[in-house]
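As a plain string of letters, each chain reads:
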Amino acid sequence: MLKDIKMDYIKLGMILNLTEDRAITIAKQYKEKFSNLKNTPVRAELNLSFDVEGDKAWIVTGEFELFGEIREFFYVISDQTGEVAYTFDELGNRDPHIERPMPKEWEDYLDEDD
C-alpha cells in the first residue's frame with residue numbers, strides 16, 4: 001500500500017528521498033546512540049507538512065511495554081535530510097531522553113538539603 005502511495009506522490013511531482021523501511025532503519029540507528037531509549041521502532045508514516053527541514057517528515061513509532069501496557073515513542077525524521085530532527089513521547093515531551101541543565105532561574109527553588 002505504501003508503495004502505491006509513494007507512486008502517487010511521484011506522479012504528482014512529489015519526489016520522496018526515504019521509504020518507510022529506511023525511516024525505520026534511521027530511527028533504529030538513532031536509538032542505538034542512547035542507552036535510555038528502550039523502545040522498538042515498528043512503523044512509519046509520512047506527513048507532508050511537519051516542523052522539519054523540507055516540510056515532509058516520516059514519523060516513526062517506537063513501542064515499549066510499561067507496567068503491562070504498550071506505550072509509544074516517536075521519532076521525527078526529515079525526508080529531505082534523512083536525519084532525526086527530534087523525538088517526542090506520548091505526552092508531547094520533546095527529546096525526553098536527552099538530559100538538559102536546569103535553568104538558572106529554577107535553582108532558587110531547589111531544597112539544599114536534598
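Residues numbered from 1 in each chain as written. Predicted model: local features only at pLDDT ≥ 70, side-chain atom pairs only at ≥ 80, totals over all residues. Heavy atoms only, no water.

Some points on the packing of aromatic side chains
Working definition: an aromatic ring pair is given by the centre-to-centre distance plus the angle between the planes. Note the following rule: To pair, rings of Phe, Tyr and Trp, with the six-membered ring standing in for Trp, must have centres within 6.5 Å; the planes then decide the type, stacked if under 30 degrees apart, edge-to-face if over 60, and tilted in the middle. Each residue's exposure class comes from its accessible area (1.4 Å probe, protein chains only) as a fraction of the maximum for that residue type: buried when under 20%, exposed when over 50%, partly exposed otherwise. Here, over-ring charges are defined by two tests on the NZ atom of lysine or the CZ atom of arginine: distance to the ring centre within 6 Å, and angle to the ring normal within 35 degrees.
Counted according to the given criterion, the structure contains four aromatic pairs. On the numbers, 5.1 Å between centres and 40 degrees between planes, the contact of Tyr-30 with Phe-34 is tilted. Taking 5.3 Å as the distance between ring centres and 75 degrees as the angle between the ring planes, the aromatic pair formed by Phe-73 and Tyr-75 counts as edge-to-face. For Phe-73, a relative accessible area of 6% gives the class buried. An aromatic cluster of at least three residues, connected via ring pairs, comprises Tyr-30, Phe-34, Phe-73 and Tyr-75. Cation over ring: Arg-94 sits above Tyr-86, and NZ or CZ is 3.6 Å from the ring centre.

Observations regarding the pattern of salt bridges
Inclusion rule: Any Lys or Arg side-chain nitrogen found within 4 Å of a carboxyl oxygen on Asp or Glu counts as a salt bridge. Here a helix means four or more residues in a row that DSSP labels H or I, a strand means two or more in a row labelled E, and each is numbered from the N terminus.
Across all of its chains, the model carries five salt bridges by this definition. Close ionic contact of Arg-71 with Glu-90 constitutes a salt bridge, the shortest N to O distance being 2.6 Å. In this pair, Arg-71 is assigned in strand β3 (residues 69–78) and Glu-90 in the segment after β4 (84–89), connecting sequence segments 19 residues apart. Judged by its relative accessible area of 38%, Glu-90 falls in the partly exposed class. When salt bridges that share partners are traced, they join Arg-43, Glu-63 and Glu-72 into one network.

Let's talk about the nonpolar core
To keep things clear, this is the line we draw: Only buried Ala, Val, Leu, Ile, Met, Phe, Trp, Tyr and Cys residues count toward a nonpolar core, and they belong to the same one when joined by side-chain atoms within 4.5 Å.
Counting 16 residues, the largest nonpolar core has Ala-23, Ala-44, Trp-58, Val-60, Tyr-75 and Ile-77 as its most contacted members. Sorting the residues of this core by element identifies α2 (20–32), β1 (40–47), β2 (57–66) and β3 as the ones contributing at least two each. For this core, the element with the most residues is α2, which contributes five residues. Counting residues in hydrophobic clusters, the runner-up holds seven residues, among them Ala-57, Val-76, Tyr-86 and Phe-88.

A look at the side chain of Lys-56
Defined as follows: For this count, His and the chain ends are skipped, Lys and Arg are scored as positive, and Asp and Glu as negative. Here, residues are in contact when the closest pair of their heavy atoms is within 4.5 Å.
Along the chain, the position of Lys-56 falls in the loop between β1 and β2. Buried within the structure, Lys-56 lacks any salt-bridge partner; Asp-79 is the closest side chain of opposite charge, at an N-O distance of 4.5 Å. Excluding residues that lie within four positions of it along the chain, Lys-56 makes contacts with Met-14, Ile-15, Leu-16, Asn-47, Leu-48, Ile-77, Ser-78 and Asp-79.

Digging into the pairing of β3
As a reminder of what qualifies: Being paired, for any two strands, means DSSP has found at least two bridges between them.
As defined by bridge partners, β2 adjoins β3 across ten bridges and the pair is classed as antiparallel. Note that in β3 the partner of Thr-61 across the bridge is Phe-74. Taking the residues that link successive antiparallel strands as the turn, the β2-β3 hairpin has two residues, and the phi of Phe-67 there is positive, at about 55 degrees. In terms of strand pairing, β3 meets β4 through five bridges, oriented antiparallel. Each bridged residue has a counterpart across the sheet, and for Tyr-75 the counterpart in β4 is Thr-87. Where β3 folds back on β4, the antiparallel hairpin that results is connected by five residues, among which Gly-82 adopts a positive phi of roughly 75 degrees.

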